[in-house]
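Chain residues, written in single-letter form:
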Amino acid sequence: MTGMQHAQLTHGQVRIDVSGPEDGRPVLMIHGLSYPLEVWEPVTHGLVDAGHRVIRFDLYGRGRSSWDETPLTTEVMAEQALEVLDTIGFSGAVHLISMSNADLIALNVAALEPGRIRSIVMVAPSGADPRTMNRSTRWSNLRLIRGISSALMLKRLVARMKRHEAALPVDASDISKQAYAASIDTLQTNPFAGKAALSHLANLPDSEGLAFILDSVSEFGFPIAAISFGHEQDSTPQGVDSMLSQLNSVRTIQLEAGGHMGVLSQPDSIIKVLDGVYSGIGPRIR
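What you see as residue numbers is a count from 1 along each chain, following the sequence as written. Since the coordinates come from a predicted model, pLDDT governs what is reported: local features require at least 70, and pairs of side-chain atoms require 80 or more to be given and counted, while whole-chain, interface and lining totals use all residues. Excluded from the side-chain calculation are hydrogens and water; included are all heavy atoms of the structure.

Description of the overall build of the protein chain
Convention followed: Each helix corresponds to a stretch of at least 4 residues labelled H or I by DSSP, and each strand to a stretch of at least 2 residues labelled E; elements are numbered beginning at the N terminus. The quantity called the radius of gyration is restricted to C-alpha atoms. Its globule counterpart is 2.2 Å times the number of residues to the power 0.38. Exposure categories follow from relative accessible area, calculated using a 1.4 Å probe and restricted to protein chains: below 20% of the type maximum is buried, above 50% is exposed, and the middle band is partly exposed. All accessible-area figures derive from a Shrake-Rupley calculation using a 1.4 Å probe, and residue coverage is judged against the displayed protein chains alone. This count recognises Lys and Arg as positive and Asp and Glu as negative, with His and chain-terminal groups excluded. Charge placement uses NZ in Lys and CZ in Arg. For Asp and Glu, CG and CD serve respectively.
A tally of regular secondary structure across the protein chain gives eleven helices and eight strands. The C-alpha atoms of the protein chain give a radius of gyration of 17 Å, which matches the 19 Å a tight globule of 286 residues would have. Along the first, second and third principal axes, the C-alpha atoms of the protein chain reach 50 × 40 × 40 Å. Expressed as a percentage of its 286 residues, the buried residues of the protein chain come to 57%. Accessible surface for the protein chain amounts to roughly 12200 Å². Of this, 51% is attributable to carbon and sulfur atoms. Charge-centre separation for the protein chain: the mean point of 24 positive side chains lies 5 Å from the mean point of 30 negative side chains.

What about the packing of helix 5 (residues 143-166) against helix 6 (residues 174-189)?
Heads up, the rule is: Here the axes come from fitting lines to C-alpha atoms, over the contacting stretch only for helices, and the angles between their N-to-C directions go from 0 to 180 degrees. Oblique is the label for every angle not falling under 35 degrees (roughly parallel), over 145 degrees (roughly antiparallel), or within 65 to 115 degrees (roughly perpendicular). The contact criterion used throughout is that any non-hydrogen atoms of two residues lie within 4.5 Å.
Taken N-terminus to C-terminus, the directions of helix 5 and helix 6 make an angle of 175 degrees; their axes are 10 Å apart at the nearest point. As summarised for this structure, helix 5 and helix 6 are arranged roughly antiparallel, according to the angle between their axes. Contacts between helix 5 and helix 6 involve Leu154, Leu157, Val158, Met161, Lys162, His164 and Glu165 from the former and Tyr180, Ser183, Ile184, Leu187 and Gln188 from the latter.

Structural notes on the environment of Leu255
With respect to the helices and strands, the residue Leu255 is situated in strand 8 (residues 250-255). Each C-alpha atom, one on Leu255 and one on Arg62, is 28 Å from the other, the two residues being 193 residues apart in sequence. Setting aside residues up to four positions removed in sequence, Leu255 forms contacts with Ile227, Ser228, Phe229, Gly230, Ser269, Ile270 and Val273.

What to know about helix 2 (residues 74-87)
We apply this condition: The span one expects for a helix is its residue count, reduced by one, times 1.5 Å.
Counted at 1.5 Å a residue, the expected span for helix 2 with its 14 residues is 20 Å, and the 20 Å between its end C-alpha atoms agrees. Note on helix 2: the residue one or two positions beyond its end, Gly89, has a positive phi of about 80 degrees.

Some words on the packing of aromatic side chains
The relative placement of two aromatic rings is captured by the distance of their centres and the angle of their planes. Rules: A pair of Phe, Tyr and Trp rings is counted when the ring centres sit within 6.5 Å of each other, with Trp represented by its six-membered ring. The angle between the planes then sorts it: under 30 degrees is stacked, over 60 is edge-to-face, the rest tilted.
In this structure the tally under the stated criterion is two aromatic pairs. Each ring, one from Tyr35 and one from Tyr180, has its centre 6.1 Å from the other, and the planes form 75 degrees; the classification is edge-to-face. Here the residue Tyr35 occupies a position in the loop between strand 3 (25-30) and helix 1 (41-49), and Tyr180 occupies one in helix 6, the gap between them amounting to 145 residues. Assessed through its relative accessible area of 2%, Tyr35 is described here as buried. With a relative accessible area of 1%, Tyr180 lands in the buried category.

With respect to unusual backbone geometry
Of note, the phi angle at Glu69 is positive, near 70 degrees, even though the residue is not glycine. Locating Glu69 in the fold gives a position in the loop between strand 4 (52-57) and helix 2. Phi angles above zero are rare outside glycine, and Ala124 is one such case at about 50 degrees. Along the chain, Ala124 turns up in the loop between strand 6 (117-123) and helix 4 (135-139).

Here's what the structure looks like:
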């Protein structure tokens, strides 16, 4: 199966896109809190041109996917990623790429089904971000105030996305510009977006749950890399370092240009790093 489709999964109807040759190296992409699968468009083009088989999907309640309002724990979203692979009929192992706080989803996928993972690359990881992984965020998702909290969340996410769009380089590709347009549109038109983003944040693992995920992944030994950017302003060093310090043998790759949305502002640099990681010649572990 190649192309865009909608499939009914356990907790909603999910939009899935598959591109590239059927015999290409399989890559599964997981977007972050608010951006839909379009955020991967420039990187997808580069990987497909290099012969990869690329699978993208919208997390529950984001992009063009629906959601039955089951709490969006990291495990539920990891199970969604595995269900996407089952739905398209792929039972082998994939290279996982995450963006922002989808890093914990990718790691949870590996903890659940390590035999289905070839490598993990976390782009602009958020890690154990103290700004969101706290009691206040969990309380904001309580039923009595969920409506107000999700409306405020949606407003902040749209404003944040527009700030990211304004920071695009003047020579950014039309593909990147179109990705922002699609991303803003899905936030403003998907009726689940605000509540889904809030549920995602409010159900991030606590310290004990995170330690379990990281300890599990550290046992398996497949390649893990983290790509950060010189002008990062969204992730906190404290949150990222806290996560990476608990993983064994992580390649940390610093790209001087770009900020949190490097997938749209610096896609060629990311594709070059991915090629090195997949061929086993990426930067040294440090």
